[in-house]
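# Coordinate analysis (summary)
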Amino acid sequence: MEHFIVIAAAVFGAALGSFANVAIYRLPREGLSISKPRLSFCPRCKETIAWYDNIPLLSYVFLLGRCRHCKAEISARYPLVEAICAFLFGLSAYHFALSGQWTVFVISCAFCLALVIITFIDIDFRIIPDVIDKPGIAVVPLLSFAAPGLHLGDFMQLLGWLGVKWQSSQPFSWSDRGLAVASSLFGILIGAGLTYIVGVAGKFVFKKEAMGFGDVKLMGMMGGILGWQGVIFAFFVGSLIGAVVGVSLVTFARRRDSHIAFGPFLAAGGILVLFYEAQIKHFILVTYPQWLAGM
């Protein structure tokens, strides 16, 4: 049964990966929307794509990577996006659905889908569409109300540091849910504020824009899901990933005129923290300092 749930989630993720491809292509382009035109079409010949040519992953293989009508090459990105979504949905099922956290599972899938869409749009156009991050910022506190377990513990820890004692209950009480909403709002503030401060500092030092406002809104949305601690670690991990591939914050700021987007690295950091926050925290705060002390 566990294998079935993970596989079913992956199949559903591949199907929504097809939707993600539509959103990635249409959202940044004038005259197009998610719902108009209603059916998918070939970007080159504009012919409508039949349902049997639009089966996630499989159609690309059956068509040998070419449009049935004009024989134009289909970008390998299409099956790549579908495969990524399938993997992330399966991973969400493994981490959350199998332990009975179905609400968190649904939220996790929606969060991952949004980040995949944002990633590829940012790569192509260096923009993060408002139609995703602004509604996301508005909705995530409500999601925290529905699933207080997202990051309620982070805010309870913060209250403990302030000397306020709070004992959560199971099932979650109305007070717990209210506190979860406050936690989400605080995460939005920390995520957006941290990114904005880094952007202002980078602009002051390098005399050019270091962080776009889209990155600020993206981190705000991520903070609403991950919480204040999670979004800080996501920012750190995203910056580290950027550095590993040669795009650290410093080089990003200096090369803003080139085709480099920082949103995908932030999104990757957010996804890693979503699934492996405890392990990441332990490595950064415990394992790595111990390793340095033993050198």
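Scroll up to find the structure this text is about.
My aim in this report is to walk through the structure given alongside it, one point at a time. Given the structure is predicted, the values throughout are model-derived calculations rather than measurements.

What counts, and where the lines are drawn
Here, residues in each chain are numbered from 1, in the same order as that chain's written sequence. With the structure being a predicted model, the display of local features is reserved for residues of pLDDT at least 70 and the display and counting of side-chain atom pairs for 80 or more, all residues being used for whole-chain, interface and lining totals. The side-chain values count all of the structure's non-hydrogen atoms but skip hydrogen atoms and water molecules. Under the scheme used here, helices are H or I runs from DSSP no shorter than 4 residues and strands are E runs no shorter than 2 residues, and both carry numbers assigned from the N terminus. Multiply 1.5 Å by the residue count of a helix minus one, and that product is the helix's expected span. Three labels apply to residues, based on accessible area from a 1.4 Å probe with only protein chains included: buried if under 20% of the type maximum, exposed if over 50%, partly exposed otherwise in between. Residue contacts are counted whenever heavy atoms from the two residues lie within 4.5 Å of one another. Here a cavity denotes grid points, spaced 1 Å and computed from the protein atoms alone, that fit a 1.4 Å probe unable to get out, and a pocket denotes an open set having protein on both sides within 12 Å along at least 5 of 7 lines; residues with an atom within 4 Å of a point are the lining. Grid points are joined across faces, edges and corners, and a volume is the space filled by probe spheres set on the points. Amino acids are sorted into nonpolar (Ala, Val, Leu, Ile, Met, Phe, Trp, Tyr, Cys and Pro), charged (Asp, Glu, Lys and Arg) and polar (every other residue, Gly among them). To form a nonpolar core, buried Ala, Val, Leu, Ile, Met, Phe, Trp, Tyr and Cys residues must be joined to one another through side-chain atoms within 4.5 Å.

## Quick look at helix 3 (residues 77-95)
- Taking 1.5 Å of rise per residue, 19 residues should cover 27 Å, and helix 3 covers 27 Å from first to last C-alpha, within 8% of that figure.
- Among the residues making up helix 3, those that are buried are Pro79, Val81, Glu82, Cys85, Ala86, Leu88, Phe89, Gly90, Leu91, Ser92 and Ala93.
- Buried residues along helix 3 sit against helix 1 (2-26), helix 2 (58-62), helix 4 (102-125) and helix 10 (263-293).

## Points about unusual backbone geometry
- Across the junction of lysine 36 and proline 37, the peptide omega takes the value -5°, indicating a cis bond.
- Mapping proline 37 onto the fold places it in the loop between helix 1 and helix 2.
- The phi dihedral of leucine 57 is positive, around 70°, even though this residue is not glycine.
- With respect to the helices and strands, the residue leucine 57 is situated in the loop between helix 1 and helix 2.
- Taking relative accessible area as the criterion, leucine 57 reaches 33% and is therefore assigned partly exposed.

## Describing the layout of surface pockets
- Looking at the largest pocket, its volume works out to about 750 Å³.
- Phe41, Pro43, Ile49, Ile74 and Tyr78 are the residues nearest the centre of the largest pocket, which is lined by 35 residues in total.
- Going through the elements one at a time, helix 1, helix 2, helix 3 and helix 4 are the ones with two or more residues in the lining of the largest pocket.
- A total of six residues in the lining of the largest pocket trace back to one element, the largest contributor, which is helix 1.
- Among the residues forming the lining of the largest pocket, the class breakdown is 18 nonpolar, eight polar and nine charged.
- Put simply, the second largest pocket is a space of about 240 Å³.
- Taken together, 15 residues line the second largest pocket, and the ones lying closest to its centre are Ile84, Leu88, Ala267, Ala268 and Ile271.
- At the level of elements, helix 3, helix 4 and helix 10 are the ones that each hand at least two residues to the lining of the second largest pocket.
- In terms of residue count, helix 10 provides more of the lining of the second largest pocket than any other element does, seven residues in total.
- Split into classes, the residues belonging to the lining of the second largest pocket amount to 14 nonpolar, one polar and no charged.

## Describing the nonpolar core
- Core analysis: the biggest nonpolar cluster contains 54 residues, and Leu115, Ile117, Leu218, Met222, Leu226 and Phe275 have the highest contact counts within it.
- When residues no more than four places from it in sequence are discounted, the contact partners of leucine 226 are Phe111, His151, Asp154, Val231, Ala234, Gly270, Val273, Leu274 and Glu277.
- Membership of the second largest hydrophobic core comes to seven residues, among which are Phe155, Leu159, Leu179 and Trp228.

## Describing helix 4
- Helix length check: helix 4 (24 residues) gives 35 Å between terminal C-alpha atoms against 34 Å at 1.5 Å per residue, within 8%.
- Of all 24 residues that make up helix 4, 17 are buried, and the element is covered over most of its length.
- One or two steps after helix 4, the chain reaches arginine 126, where phi turns positive at roughly 55°.

## Quick look at the environment of phenylalanine 172
- Tracing the chain through its elements places phenylalanine 172 in the loop between helix 6 (152-161) and helix 7 (174-206).
- Judged by relative accessible area, phenylalanine 172 falls into the partly exposed class, the value being 24%.
- Here the alpha-carbon distance between phenylalanine 172 and tyrosine 196, two residues 24 residues apart in the chain, equals 34 Å.
- Apart from the residues lying within four places of it in its own chain, the contact partners of phenylalanine 172 are Pro148, Gly149, Leu152 and Arg177.

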